[in-house]
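Fold and geometry: a report
Now for the letters of each chain:
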Amino acid sequence: MTENKSIHGEWSSRFAFILAATGSAVGLGNIWKFPYIAGENGGGAFVFIYLLCILAIGFPIMMAEIMLGRRGRQSPINTMRTLAEEAGADTNWHYLGWLGVIAGFLILSYYSVIAGWAGAYVLKSVTGSFSGGNATEIKGIFDGFVASPLQLMFWHTLFMAVTMYVVSQGVKGGLEKAVRFLMPSLFFILILLVGYAMTSGAYEKGLAFLFTPDFSEVTSDSILTAMGHAFFTLSLGMGAIMVYGSYLPKNISIAKTTLIVAGADTAVALLAGIVIFPIVFANGLEPSAGPGLLFQSLPIAFGNMGGGLIFGTLFFVLLVFAALSSSISLIEPAVAWLVENRNMSREMACLWSGLITWVVGLGTVFSFNIGSEFKIFGKTIFDLLDYLTANLMLPIGGFCIAVFAGWVMRKADSQQELELENPWHYQIWKFLVCYVSPAAVFLVFLNVIGIL
Ligand code: PHE
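Now for a look at the structure at hand. Within every chain, residues take consecutive numbers counted from 1 along the sequence as written. Since the coordinates come from a predicted model, pLDDT governs what is reported: local features require at least 70, and pairs of side-chain atoms require 80 or more to be given and counted, while whole-chain, interface and lining totals use all residues. Note that water and hydrogens are dropped before the side-chain values are worked out from all heavy atoms of the structure.

1. Looking at the overall build of the chain
- Only DSSP runs of H or I covering at least 4 residues are called helices, and only runs of E covering at least 2 are called strands; the numbering of each starts at the N terminus. Regarding its fold elements, the chain presents 18 helices and zero strands.
- The globule rule used for comparison is 2.2 Å times the number of residues to the exponent 0.38, while the radius of gyration itself is calculated over C-alpha atoms. In terms of C-alpha radius of gyration, the chain reaches 21 Å, essentially the compact-globule figure of 22 Å for 452 residues.
- Overall, the chain is about 65 × 50 × 40 Å in size when its C-alpha atoms are taken along their principal axes.
- Among the 452 residues that make up the chain, the fraction classed as buried is 61%. Using a 1.4 Å probe on the protein chains alone, a residue whose accessible area is under 20% of its type maximum counts as buried, one over 50% counts as exposed, and one in between counts as partly exposed.

2. Observations regarding the site of the ligand
- In the neighbourhood of the ligand, 15 residues make up the surrounding shell, with A25, G29, Y111, F232 and S235 lying closest.
- Any pair of N or O atoms that falls within 3.5 Å is considered a polar contact. Within protein, one atom must be able to donate a hydrogen and the other to accept it, and sequence-neighbouring residues count only if both atoms are side-chain atoms. L28 places a main-chain nitrogen or oxygen 3.1 Å from an oxygen atom of the ligand.
- Taking N30, its side chain carries an N or O atom lying 3.3 Å from an oxygen atom of the ligand.
- Coverage of the ligand by the protein amounts to 100% of the 330 Å² it exposes when considered alone.
- Per-class residue counts for the shell around the ligand are seven nonpolar, eight polar and no charged. It suffices for a single heavy atom of a residue to lie within 4 Å of a molecule or strand for the residue to be listed as near it. In this description, accessible areas are obtained by the Shrake-Rupley approach with a 1.4 Å probe, and a residue is regarded as covered only by the protein chains that are shown. Residues are sorted three ways: Asp, Glu, Lys and Arg are charged, Ala, Val, Leu, Ile, Met, Phe, Trp, Tyr, Cys and Pro are nonpolar, and all the rest, Gly among them, are polar.

3. What to know about helix 17 (residues 411–418)
- Every buried residue of helix 17 is accounted for by D413, S414, E417 and L418. Summarising the axial view, the buried residues of helix 17 lie within an arc of 120 degrees, below the 170-degree limit, and thus occupy one face.
- Residues of helix 17 that are buried in the fold lie against helix 3 (44–72), helix 4 (76–86), helix 12 (254–282) and helix 18 (423–448).
- E419 lies just past helix 17 and shows a positive phi near 50 degrees. Taking the helix axis as origin, the arc is that swept by the directions to the C-beta atoms. In this analysis, two residues are considered to be in contact whenever any of their non-hydrogen atoms come within 4.5 Å of each other.

4. Observations concerning unusual backbone geometry
- Residues other than glycine seldom take positive phi values, yet S235 does so here, at roughly 60 degrees.
- With phi around 50 degrees, F377 is a residue other than glycine that occupies positive phi space.
- Tracing the backbone through its elements, the reader meets F377 in the loop between helix 15 (346–367) and helix 16 (381–408).
- Here F377 falls in the exposed class, since its relative accessible area comes to 77%.

5. Quick notes on the packing of aromatic side chains
- Here the aromatic set is Phe, Tyr and Trp, taking the six-membered ring for Trp, and pairing holds for ring centres within 6.5 Å; pairs whose planes are under 30 degrees apart are stacked, those over 60 apart are edge-to-face, and all others are tilted. For the coordinates displayed, the defined rule picks out 31 aromatic pairs.
- With a centroid separation of 6.0 Å and an interplanar angle of 65 degrees, the aromatic rings of Y121 and F145 are classed as edge-to-face. Remark: F145 occurs in helix 6 (residues 135–146) and Y121 occurs in helix 5 (residues 94–126); sequence separation between them is 24 residues.
- Look at F145 and you get buried, because its relative accessible area is 2%.
- Here the guanidinium or amino end of K33 rests over the ring plane of F232, the centre of that ring lying 4.3 Å away.
- Comment: the charge-over-ring label is applied if NZ (Lys) or CZ (Arg) is within 6 Å of the ring centre and within 35 degrees of the ring normal. Seen from the ring of Y387, K379 lies directly overhead, with NZ or CZ sitting 4.6 Å from the centre.

6. A short note on the environment of M80
- With respect to the secondary-structure elements, M80 resides in helix 4.
- Residue class for M80 comes out buried when judged on its relative accessible area of 0%.
- Among all residues touching M80, those that are not within four sequence positions of it are L68, W93, H94, L96, G97, M242 and F404.

7. Looking at the packing of helix 5 against helix 6
- Here an axis means a line fitted to C-alpha atoms, over the contact stretch when the element is a helix, while the angle between two N-to-C directions is reported on a 0 to 180 degree scale. Closest axis-to-axis distance for the helix 5/helix 6 pair is 12 Å, and the angle between their directions is 130 degrees. Classified by the interaxial angle, the pair formed by helix 5 and helix 6 is oblique. Our pair here, helix 5 against helix 6, has a crossing hand that is right-handed. In this structure, helix 5 uses W117, A120, Y121 and K124 to contact helix 6, whose residues at the interface are I141, F142, F145 and V146.
- Residue classes in the contact of helix 5 with helix 6 are distributed as seven nonpolar, no polar and one charged. Angles below 35 degrees are treated as roughly parallel, those above 145 as roughly antiparallel, those between 65 and 115 as roughly perpendicular, and all remaining angles as oblique. Each crossing gets its hand from how the near helix is turned against the far one by less than a right angle, where anticlockwise is left-handed and clockwise is right-handed.

8. What about the pattern of salt bridges?
- The term salt bridge refers to a pairing of a side-chain nitrogen on Lys or Arg with a carboxyl oxygen on Asp or Glu at a separation within 4 Å. One pass over the full model with this rule turns up 11 salt bridges.
- With its nearest N and O atoms 3.9 Å apart, the salt bridge here joins R70 to E419. Taken together, the residues R70 in helix 3 and E419 in the loop between helix 17 and helix 18 connect sequence positions 349 residues apart.
- The exposure class of R70 is buried, given its relative accessible area of 0%.
- Taking the shortest distance from any N to any O, the salt bridge between D413 and R410 comes out at 3.8 Å.
- With a relative accessible area of 11%, D413 lands in the buried category.
- For R410, a relative accessible area of 43% corresponds to the partly exposed category.

9. Let's talk about the nonpolar core
- Judged by nonpolar contacts, the single largest core of 158 residues is most densely connected at W11, L68, W117, F295, F315, F316 and W429.
- What W117 contacts, discounting residues up to four positions off in sequence, is F142, F145, V146, L152, P291, F295 and F368. Put simply, a nonpolar core is a bunch of buried Ala, Val, Leu, Ile, Met, Phe, Trp, Tyr and Cys residues held in one set by side-chain atoms that sit within 4.5 Å of each other.

10. So, the environment of W98
- Mapped onto the elements, W98 comes out in helix 5.
- Each C-alpha atom, one on W98 and one on P60, is 22 Å from the other, the two residues being 38 residues apart in sequence.
- Setting aside its immediate chain neighbours within four residues, W98 contacts I77 and W337.

Here's what the structure looks like:
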């Protein structure tokens with residue numbers, strides 16, 4: 001089985017896989033979500049815990065997910081079944097794949113709505129809507145925009161259509177082609193913006209906010225949010241990285257590749273913070289403004305600086321690119337399963353899964369306007385989906401992946417698949433997936449329910 005190739009195709013090189021996995025990891029999570037949750041949770045201390053989670057939990061679990069994918073060579077559901085059989089374990093492990101598919105649908109449903117905001121903001125920016133605007137006017141533009149279900153629906157529909165078109169073109173012709181163009185452009189635009197932020201008045205204040213930890217601000221919920229975000233930002237716990245791993249050719253070092261992907265993802269999040277917070281502080285804005293932070297703050301800067309039309313437009317283009325290379329990986333596990341088990345063509349699989357996601361996404365569309373009063377457990381549909389997926393489903397999925405890779409899979413198999421040259425590196429990885437990652441997730445959960 002280990003010699004098999006995936007029926008869906010393979011990446012053409014290690015570099016293509018790195019681009020695709022980085023493309024999946026780097027997304028709205030880094031540029032839109034990380035700054036606003038760091039802002040809501042007090043900055044430095046939150047950033048510190050998040051970095052710790054990336055190292056101790058994210059890194060070993062990412063290696064585990066790629067390894068499981070490459071060994072199973074199928075959609076996460078079938079991969080888990082095959083690997084459970086290989087290990088002589090219960091095939092109920094395949095429900096882990098289902099948990100991931102459902103999490104992918106739920107995340108993409110709201111992800112697409114926010115990516116749609118970014119699309120709308122490209123248009124607003126390039127047509128000069130922000131020119132000369134003050135804080136009140138810019139907030140007015142945002143409030144007016146999200147109050148319109150029709151506008152949000154339009155952009156959500158457009159983004160879903162593009163996502164499903166790319167996925168329908170297959171691994172090499174769709175996914176790989178897209179990321180080859182998207183990822184380098186993204187890095188280029190980001191570096192350009194960092195240069196701008198360095199010359200804005202509040203550069204040092206922005207850096208101090210991000211990197212000076214004040215642990216008195218930390219609550220059990222902010223620890224959970226930091227951990228959940230480590231999973232979210234690295235695309236872990238739901239099979240996206242697993243399915244990408246299933247298209248990875250043999251003889252490519254999983255450890256080195258993981259190091260590059262996780263490193264690039266962390267760098268982009270920190271760079272996004274370094275771009276955003278100086279602008280937030282220079283304009284007297286609140287870092288804790290929530291999901292609208294990016295859309296309410298940056299346009300003020302773009303509207304009032306030289307070249308702002310170009311920088312602003314570039315920035316939102318970047319956001320759309322980053323979102324697109326992530327959204328394709330959110331739905332790939334479901335599409336791969338439909339092709340494998342329902343005998344569907346890739347196009348039909350995309351049509352159906354896209355349609356379902358689109359419908360679920362309407363819940364998020366309405367939670368910013370006509371449905372904003374509709375709350376479950378005190379949360380709007382958008383807040384609930386975000387909490388349920390990032391803070392619960394991904395950590396639970398990641399916990400099970402660590403347990404499977406560390407305890408269920410035979411040592412000889414994981415050793416063979418990881419091919420670590422230095423035996424110590426294998427021991428360290430094994431220790432992390434067997435003990436450190438599962439224990440960390442477990443302790444954070446105990447802490448939240450108040451037992452710890
Ligand atoms: N990692 C992506 C981001 O940071 C989101 C994502 C989560 C993608 C889970 C795939 C799977 O935006």
